[in-house]
Number of protein chains: 4
Amino acid sequence: MSGSSFGNVLKITTWGESHGAAVGVVIDGFPAGMEICEEDIQKYLDLRKPGQSAISTPRKEADKVEILSGVFDGKTTGTPISLLVRNTSQHSADYNDIATYYRPGHADYTFDSKYGFRDYRGGGRSSGRETIGRVAAGALCLKLLEQMGIEVYAYTRSIGNVVIDEDNMDLNKVYQTVTRMPDEEADKKAIALIEECKKNLDSVGGSIGVIVTGTPAGIGDTVFNKLDALLADALMGIGAVKAVEVGDGIKVSQSYGSDNNDAFCILDGKVSKKTNHSGGILGGMSDGSDIILRAYFKPTPSIARDQETVNKNGEDININIKGRHDPVIMPRAVVVVQSMVAITLLDAMLLNMSAKADNVIRFYKSID
Amino acid sequence: MSGSSFGNVLKITTWGESHGAAVGVVIDGFPAGMEICEEDIQKYLDLRKPGQSAISTPRKEADKVEILSGVFDGKTTGTPISLLVRNTSQHSADYNDIATYYRPGHADYTFDSKYGFRDYRGGGRSSGRETIGRVAAGALCLKLLEQMGIEVYAYTRSIGNVVIDEDNMDLNKVYQTVTRMPDEEADKKAIALIEECKKNLDSVGGSIGVIVTGTPAGIGDTVFNKLDALLADALMGIGAVKAVEVGDGIKVSQSYGSDNNDAFCILDGKVSKKTNHSGGILGGMSDGSDIILRAYFKPTPSIARDQETVNKNGEDININIKGRHDPVIMPRAVVVVQSMVAITLLDAMLLNMSAKADNVIRFYKSID
Amino acid sequence: MSGSSFGNVLKITTWGESHGAAVGVVIDGFPAGMEICEEDIQKYLDLRKPGQSAISTPRKEADKVEILSGVFDGKTTGTPISLLVRNTSQHSADYNDIATYYRPGHADYTFDSKYGFRDYRGGGRSSGRETIGRVAAGALCLKLLEQMGIEVYAYTRSIGNVVIDEDNMDLNKVYQTVTRMPDEEADKKAIALIEECKKNLDSVGGSIGVIVTGTPAGIGDTVFNKLDALLADALMGIGAVKAVEVGDGIKVSQSYGSDNNDAFCILDGKVSKKTNHSGGILGGMSDGSDIILRAYFKPTPSIARDQETVNKNGEDININIKGRHDPVIMPRAVVVVQSMVAITLLDAMLLNMSAKADNVIRFYKSID
Amino acid sequence: MSGSSFGNVLKITTWGESHGAAVGVVIDGFPAGMEICEEDIQKYLDLRKPGQSAISTPRKEADKVEILSGVFDGKTTGTPISLLVRNTSQHSADYNDIATYYRPGHADYTFDSKYGFRDYRGGGRSSGRETIGRVAAGALCLKLLEQMGIEVYAYTRSIGNVVIDEDNMDLNKVYQTVTRMPDEEADKKAIALIEECKKNLDSVGGSIGVIVTGTPAGIGDTVFNKLDALLADALMGIGAVKAVEVGDGIKVSQSYGSDNNDAFCILDGKVSKKTNHSGGILGGMSDGSDIILRAYFKPTPSIARDQETVNKNGEDININIKGRHDPVIMPRAVVVVQSMVAITLLDAMLLNMSAKADNVIRFYKSID
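Rules used in this analysis
In this numbering scheme, every chain counts its residues from 1 along its sequence in written order. Numbering of ligands from 1 and lettering of chains from A proceed in the order in which they are written. With pLDDT at 70 or above as the cut-off, local features in this predicted model cover only qualifying residues; side-chain atom pairs require 80 or more to be listed or tallied, and sums for whole chains, interfaces and linings still use all residues. Computation of side-chain values: all heavy atoms of the structure, hydrogens and water removed. Elements are defined by DSSP. Helices are runs of H or I of four residues or more, strands are runs of E of two residues or more, and each kind is numbered from the N terminus. Our radius of gyration looks at C-alpha atoms and nothing else; its globule reference is 2.2 Å times the residue count to the power 0.38. Per-residue accessibility, obtained with a 1.4 Å probe over protein chains only, is compared with the maximum for each type, and a residue is labelled buried under 20%, exposed over 50%, and partly exposed between these values. Two residues form a contact once any of their heavy atoms are found within 4.5 Å. Surface accessibility in these figures is a Shrake-Rupley result with a 1.4 Å probe; residues are shielded only by whichever protein chains are displayed. Convention adopted: a line fitted to C-alpha atoms gives each axis, helices being fitted over their contacting stretch, and angles between N-to-C directions are expressed from 0 to 180 degrees. Convention used here: angles under 35 degrees read as roughly parallel, angles over 145 as roughly antiparallel, angles from 65 to 115 as roughly perpendicular, and any remaining angle as oblique. We call a crossing left-handed when the near helix sits turned anticlockwise from the far one by less than a right angle, and right-handed when that turn is clockwise. Following the grouping adopted for this structure description, the nonpolar residues are Ala, Val, Leu, Ile, Met, Phe, Trp, Tyr, Cys and Pro, the charged ones are Asp, Glu, Lys and Arg, and the polar ones are all others, Gly among them. Simply put, the buried area is the total loss of 1.4 Å probe accessible area from both parts when two parts are fitted together. Basic side-chain nitrogens of Lys or Arg form a salt bridge, by our definition, when they fall within 4 Å of a carboxyl oxygen of Asp or Glu. A least-squares superposition brings the copies together, and it is based on the C-alpha atoms of residues with pLDDT no lower than 70 in both. What qualifies as a polar contact is a pair of N or O atoms within 3.5 Å, subject to a donor-acceptor requirement within protein and to the restriction that residues adjacent in sequence count only when both atoms come from side chains. The charge count treats Lys and Arg as positive and Asp and Glu as negative. His and the chain ends do not count. Only strands that DSSP links by at least two bridges are regarded as paired with each other. Side-chain rings of Phe, Tyr and Trp (the six-membered ring for Trp) are treated as a pair once their centres are within 6.5 Å; stacked means planes under 30 degrees apart, edge-to-face means over 60, and tilted covers the remaining angles. Our definition puts a charge over a ring when NZ of Lys or CZ of Arg is within 6 Å of the ring centre and also within 35 degrees of the ring normal. Think of a nonpolar core as a cluster: buried Ala, Val, Leu, Ile, Met, Phe, Trp, Tyr and Cys residues, connected wherever their side-chain atoms sit within 4.5 Å. Only a pair of cysteine sulfur atoms within 2.5 Å counts as a disulfide in this structure description.

Let's talk about the overall build of chain A
- In terms of helices and strands, chain A carries 8 helices and 18 strands.
- Relative to the 2.2 N^0.38 estimate, which gives 21 Å for 368 residues, the radius of gyration of chain A is 22 Å and therefore close to what a compact globule would have.
- Taken along its principal axes, the extent of the C-alpha atoms in chain A is 65 × 50 × 40 Å.
- By the burial criterion, 69% of the 368 residues in chain A qualify as buried.
- Considering only residue pairs separated by 6 or more positions, chain A has 69% of its internal contacts joining residues 24 or more positions apart.
- Only carbon and sulfur atoms are counted for the fraction: they give 45% of the accessible area of chain A, which is about 11,400 Å².

Here we look at the packing of helix 3 (residues 131-146) of chain A against helix 7 (residues 330-352) of chain A
All names here are of chain A.
- At a closest axis distance of 7 Å, the pairing of helix 3 and helix 7 adopts a crossing angle of 55°. Between helix 3 and helix 7, the angle falls in the class oblique. Crossing geometry of helix 3 relative to helix 7 is assigned as left-handed. Within the contact between the two elements, helix 3 uses Thr131, Arg134, Val135, Ala137, Gly138, Cys141, Leu142, Leu144 and Leu145 and helix 7 uses Val335, Val336, Gln338, Ser339, Met340, Ala342, Ile343, Leu345, Leu346 and Met349.
- For the contact of helix 3 with helix 7, the residue count by class is 14 nonpolar, 4 polar and 1 charged.

Here's the deal with the interface of chain A and chain B
- Opposite the 105 residues of chain A that make contact, chain B presents 105 residues.
- Across the interface of chain A and chain B, roughly 8,300 Å² is buried in total on both sides, 61% from carbon and sulfur atoms.
- Where chain A touches chain B, the interface holds 2 salt bridges.
- For the salt bridge of Glu308(B) with Lys274(A), the shortest nitrogen-to-oxygen distance reads 3.1 Å.

Notes on the relation of the copies chain A and chain B
- Take chain A, turn it by 180°, move it 0.0 Å along the axis, and it overlays chain B with an RMSD of 0.0 Å. Overall, the copies show the geometry of a two-fold rotation axis.
- With an isologous cut-off of 70% or more, the 100% of interface residues of chain A that recur at the interface of chain B puts this contact in the isologous class.

What about the interface of chain B and chain D?
- In this assembly, 30 residues from chain B lie in contact with 30 residues from chain D.
- At the boundary of chain B with chain D, total buried surface from both sides reaches about 2,600 Å², with 73% on carbon and sulfur atoms.
- Here chain B and chain D share 7 residue pairs in polar contact (both at pLDDT 80 or more) between them.
- Those elements that provide at least two residues to the side of chain B that touches chain D are helix 7 (330-352) and helix 8 (357-367) of chain B.
- Element by element, the count of residues in the side of chain B that touches chain D is highest for helix 8 of chain B, at 9 residues.
- Class assignment for the residues of the side of chain B that touches chain D results in 20 nonpolar, 5 polar and 5 charged.

A short note on the side chain of Asp183(C)
Residues and elements named next belong to chain C.
- By secondary structure assignment, the location of Asp183 is in the loop between strand 9 (162-163) and helix 4 (184-199).
- Despite its burial, Asp183 pairs with no opposite charge, the nearest such side chain being Lys189 at 7.6 Å.
- Separated by 3.0 Å, the side chain of Asp183 and the backbone nitrogen of Ala186 make a polar contact.

Comments concerning the environment of Tyr120(B)
- By the element assignment, Tyr120(B) lies in the loop between helix 2 (108-115) and helix 3 (131-146).
- Each C-alpha atom, one on Tyr120(B) and one on His19(B), is 9.1 Å from the other, the two residues being 101 residues apart in sequence.

Here's the deal with the sheet that holds strand 7 (residues 81-86) of chain C
Residue and element names in this part refer to chain C.
- Strand order across the open sheet formed by 5 strands is 1-2-3-7-4, with antiparallel pairing between neighbours. The sheet is open, and its two edges are formed by strand 1 (5-6) and strand 4 (65-67), each paired on a single side.
- The pairing of strand 1 with strand 2 (residues 11-16) spans 2 bridges and is classified as antiparallel. The residue bridging Phe6 from the neighbouring strand is Ile12, located in strand 2.

Re the pairing of strand 2 (residues 11-16) of chain A
All names here are of chain A.
- Among the 6 residues that make up strand 2, 6 are buried, leaving the element largely enclosed by the rest of the structure.
- Of the two faces of strand 2, both are covered, the one formed by Lys11, Thr13 and Trp15 as well as the one formed by Ile12, Thr14 and Gly16.
- Once strand 1 (residues 5-6) ends, the chain turns through 4 residues before running back antiparallel as strand 2, passing Gly7 with a positive phi of about 105°.
- For strand 2 and strand 3 (residues 22-28), the ladder comprises 6 bridges, and the chain directions are antiparallel. The partner of Gly16 across the bridge, within strand 3, is Val23.
- Once strand 2 ends, the chain turns through 5 residues before running back antiparallel as strand 3.

What to know about the pairing of strand 7 (residues 81-86) of chain D
All names here are of chain D.
- Among the 6 residues in strand 7, 5 count as buried, and that is most of the element.
- Summarising the sheet, strand 4 (residues 65-67) and strand 7 pair through 3 bridges and their orientation is antiparallel. Bridge pairing in strand 7 places Val65 opposite Val85.

As for the packing of aromatic side chains
- The final tally for this structure, using the stated rule, is 28 aromatic pairs over all chains.
- With a centroid separation of 5.1 Å and an interplanar angle of 85°, the aromatic rings of Phe72(B) and Tyr120(C) are classed as edge-to-face. Of this pair, Phe72(B) sits in strand 5 (residues 71-72) while Tyr120(C) sits in the loop between helix 2 (108-115) and helix 3 (131-146), on two different chains.
- The class of Phe72(B) is buried, set by a relative accessible area of 7%.
- In this structure, Lys75(A) packs its charged tip against the face of Phe117(D), placed 4.6 Å from the ring centre.

Looking at the nonpolar core
- Judged by nonpolar contacts, the single largest core of 381 residues is most densely connected at Phe297(B) and Phe297(D).
- Here this core takes 16 residues from helix 7 of chain B, the largest share from any one element.

Overview of the pattern of salt bridges
- Under the criterion given, the structure shown has 72 salt bridges over all chains.
- Close ionic contact of Lys273(B) with Asp287(B) constitutes a salt bridge, the shortest N to O distance being 2.5 Å. You can see Lys273(B) sitting in strand 13 (residues 270-273) and its partner Asp287(B) sitting in the loop between strand 15 (285-286) and strand 16 (291-297), a full 14 residues away along the chain.
- Taking the relative accessible area as the measure of exposure, Lys273(B) reaches 9% and is therefore buried.
- Here Arg157(D) and Glu166(D) are joined by a salt bridge, their closest N and O atoms 3.1 Å apart.
- We classify Arg157(D) as buried; its relative accessible area is 15%.
- The class of Glu166(D) is partly exposed, set by a relative accessible area of 29%.
- Salt bridges sharing common partners tie together Arg103(A), Asp108(A), Asp112(A), Arg118(A) and Lys312(A).

Re unusual backbone geometry
- Even without glycine at this site, Asp73(A) takes up a positive phi of about 55°.
- Along the chain, Asp73(A) falls in the loop between strand 5 (71-72) and strand 6 (75-76).
- On the accessibility criterion, Asp73(A) (59% relative accessible area) is exposed.
- The backbone of Leu201(D) shows a phi angle near 55°, a positive value even though the residue is not glycine.
- Mapped onto the elements of the fold, Leu201(D) is located in the loop between helix 4 (184-199) and strand 10 (206-213).

Re the sheet that holds strand 16 of chain B
- Taken in spatial order, the 10 strands make up an open sheet running 9(A)-8(A)-10(A)-16(A)-11(A)-11(B)-16(B)-10(B)-8(B)-9(B), and their pairing is antiparallel. On the outer flanks of this sheet lie strand 9 (162-163) of chain A together with strand 9 (162-163) of chain B, each paired with one strand and no other.
- As paired strands, strand 10 (residues 206-213) of chain B and strand 16 of chain B are joined by 7 bridges and run antiparallel to one another. Bridge pairing in strand 16 of chain B places Val210(B) opposite Leu293(B).
- This element, helix 5 (residues 227-236) of chain A, spans strand 11 (241-246) and strand 16 (291-297) of chain A together with strand 11 (241-246) of chain B of the sheet and lies at about 155° to strand 11 of chain A.

Looking at helix 5 (residues 227-236) of chain D
- A large share of helix 5 of chain D lies buried, amounting to 10 of its 10 residues.
- If you check which residues of helix 5 of chain D are buried, you get Leu227(D), Asp228(D), Ala229(D), Leu230(D), Leu231(D), Ala232(D), Asp233(D), Ala234(D), Leu235(D) and Met236(D).

Considering the state of the cysteines
All names here are of chain B.
- Taken as a whole and judged by the stated rule, the model has 0 disulfides over all chains.
- There is no disulfide at Cys37, and the cysteine sulfur nearest it, in Cys141, is 16 Å away.
- Residue Cys141 is classed as buried on the basis of its relative accessible area of 0%.

What to know about the side chain of Arg118(D)
- Structurally, Arg118(D) can be placed in the loop between helix 2 (108-115) and helix 3 (131-146).
- The buried category is assigned to Arg118(D), whose relative accessible area is 6%.
- Polar side-chain contacts of Arg118(D) include one of 2.8 Å to the backbone oxygen of Ile98(D).
- Those residues in contact with Arg118(D) that sit more than four places away from it in its chain are Phe72(A), Ile98(D), Ala99(D), Tyr101(D), Tyr102(D), Asp108(D), Phe111(D) and Asp112(D).

Shown next as structure tokens:
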């Protein structure tokens, strides 16, 4: 219900505006006893923060996380984990004039329509800074998933018309390029494209791919909380995402059943699949193969060109937006995508523990 | 949490397996006082039911809905509306052998992984029959939305490589073709394609488009219950959907900001947009333009060809599935898509009534 | 949110009015693989149904339950279990005149205030018949709890001023008396009191006690979903309940800490308590001792005496309610209380399985 | 689900331990546009904070609230409101030895049972400091309710055997006595009782009363989210509460229907009631009369006397708890009770806005 919470057994609640005092997240329902420290979280926040390269906004933000609760003696306690990041690099004056009009491609007009007014400084609540909370929460989930042999990889798959070669990528190199493309050649081309964009006072879209390895079969629900539906919700809930694909995605609409059906087979004594068109999910539940997702991002709406729009007095006007903006979103969004997938998957796994009566009985008999 | 419920203020809970006694839905939180009768619901169920044309499964099912509660004197009472449809055309014997193996592209293996066993008759809970509950609930939501001037259109947009001409379609003619394509020429081509599929003992994928007109601006939430995220969840939660697009969808990944940003303008004294790349949603909230969505469906996994798979003893086997199946899903799924969009939108609208403190105060002052 | 659902991991949704076609429940999230048949459920419904003795309403209702989904090969499948009971003994004509006025002590006026009108036949949605769904769901939960060594006992503790001797009761004899008092002497006195009530065209209140044995320590949450808060919600949510106590209840308000604190001790090598003033719950979590609760019921509001009230035209009037009513609620409510406690406890236990990171990791490592 | 969240349309999430860095709350779904500043919140926190009088703990805590998000230009923005209070007066060393044993009446043992270990400093998450978040959230809700003509009063009703005269109390004087008893004579007696308690190294229980005026009829739900069930959940969820009454409460169990039924009557042209045994709630919905509640608190478990208990090695031991504790809870809990009632009621009122189809249609037609 509450629009700033995500998840069920494991629930995160983010809060904060870009130019308010701080942003943060409360993580509730996280299992007790996992070792965690601020550095574990900071390393993911650092992958998200601006000012990391020539292709991202020159804003410098420290984005230092503080653990306020839920961790004791270096371990999660089971109680809500509150994480705080102070906002430090706010140039609110940059935004004074945008109070009076609606920026194209932004949520200014819809905010005013819903709430009657808005915090017009930066993106306010719709700012990318809100995702700090998601990444901080994701850091904990990724750590617990890892201990169960599950790895969540996300990577920039395309920027504009530059698409990486997914058949030859090394997922361990994602964070070695500034574009987060695990493909050095594509990285170079993309950087060139972005430079041109900047010169043109423009921005460009792109896509992020996800591969999750190690998920056991049977995670997710069969009708409404299908694992793919939950993941679609998670990805479409990231600002600027306009499309989500699972497995073969859009391509399935031109496929034939005889091609698209993945044949089951026995491999090393276990049920496996000869192909993975399904992207690791069948009937809303994980099928044991890699989970494969793609999210498609629109170009950053903040561009320095002249644009037509309207003001709050109902007049057509021309505007020219100031400020320090990213010409592409993907490099900084990769870790956000990775985080949202981790949160979604871990939540579904926690819920799944009670799926079988036998497991429930065995669990409680073992406590005595 | 519960995997068979959808929605927040307005919540639907579907239940039932394809070869059990019945399927149904409980609709809770529906506003009181709207006129409704069984015919209002039946007309939508009839659009979903099998056996309507040569291109769908020859199974005949009456799918007669019974209102069991929540309606009195011809009006909704505000209490849960329970709707029941008895299953009548079950050939369970058709399915006896599939108990022992896992059909490719189906949820058989994932069901067994999650729950330890499954109702193997038909699709069980993963059957298309589960969507009867969604369509029945959708019928009520569509009726209430209409009274607020909101129309939800869904239509078959493509079958295999046959794509309709969306620039020249008449949305009032969707249900006049057996494919549910609002384009007579494409309809003919698609029928030919389907006939060939049937001859080849194969199936084929496709896509469904959605256009919602009349939605006021400001519906939806800004971070996690974004209207587009809720709709992505709703559509990806329909069996066989593998991709969801909002507005320009995947195309935005190759767009530039200067093209993709929709300029605001004043039209007839109101804020409007010159283009609608956003698909009617900005920052998670409706922007007053048409809401535009697309869902991509994989080919029906049930095909009559020989297929490779494994059985429950862990052996590689060849199978040949019997039964009466749809070679394409889209014609019957159109009304399911339309229903899920209506449920999602109405739920978000009910929640939105308390977004402004002034409205809350005015509402309760007017009661005295 | 939805007012007809209860529970989180395990969620029940009841529906139906007293004089509609049927009443029922959908149980979602129930673990798969537990054996269940209609008789398992029917035996609890029979404890609730009217016409069982001279002290309850003479209405005869078969209340035969039908399992519509979620059970296959005699076992729960993990999918929603839909249970239906047809209404058969409706004398709707009895209620025609009450459409025009508000019965004292009933929900007639509040229903009209909330929804603008109401199903005025019988109690409509507020009828005791709604609890059929709760009892049917409770039957499943009680069965699973039993397999974990947990017994939920409920019993009539008092009727009017007749209070049982709780120090000498045999909880296995609850259902051997018509009052559901596990105390033969009190039973006789209570029957006499009820007979007098009937003669006086009056009704009388009472209370129901609950003892749960075998609950492991640590179930429940620490702040908002405290086990006692969830149980208070469950019991106060039963029609006619006006007070709920845990452990020593109201008495604690006059106790001193030195008396009220239960000393921990080691018994048979395990942590135990010397006393149980806490009623088995400390800090919102079960402490391993018996859980002790009491719910207090107001007298049935339906009495045959003349009463003052108002009609829908805003006039003061005198009324005399016809119909077949229970002079006391407790005998039939005992199994409702037992059911609600079982549902609440099992739900909390399912959620609790993911409380420790070690258990989560061990669970998923054991699946491979 | 998540154990640190409360509410549906309006949801609060509290976090923080007594001896961690801070405590706080995130309030989501609060309507936009209400004026609020830190002083509005601080004045309620000051009513809760310790060290206010000779009868409460001598700990001094500033409890200064900081608004971190969700407020702009002095008004709520509709986005989550994050409130933070730093912990400043922590004597963690006081608690080092309690790490090794389980304090009677505290959540130490149940925490260890559930999570495997605990933050043993102070009450950790079970500390009264957690209620700072509830009171801060309550401050906002009380302010909005006031603007709709609704007042929520809470007061100390009894301490030990000293009970106030509720027939002659002045609810505007609650915060003028240190006990929060709106009865000067009882206040004096209670202070004497508390002084004796302190001398005896003991603590004592008590009760808090609630009266809500001005609630319109029809708020709350009819089956599971009954207004009284939600309030019972809210009150039983406050630490130390062991019983909750609505209206006549426990007394109804000895009442007769002819006495307990409140006759409706017309007063000043409106439907009213001649008596209010129901406590303002019928069938789970407000009936327009004052809402009347009582919560019963156990004595503070922290007492300085010798007590028997067990340690983590499974040995019986004697302990003597150090620290600065309240001999009674009521004076500081009054504002917590007031807050929880306000949050619960406002949440139910926000949800209620969509109860009638006519209102929904009218609301959205008026937007155009």
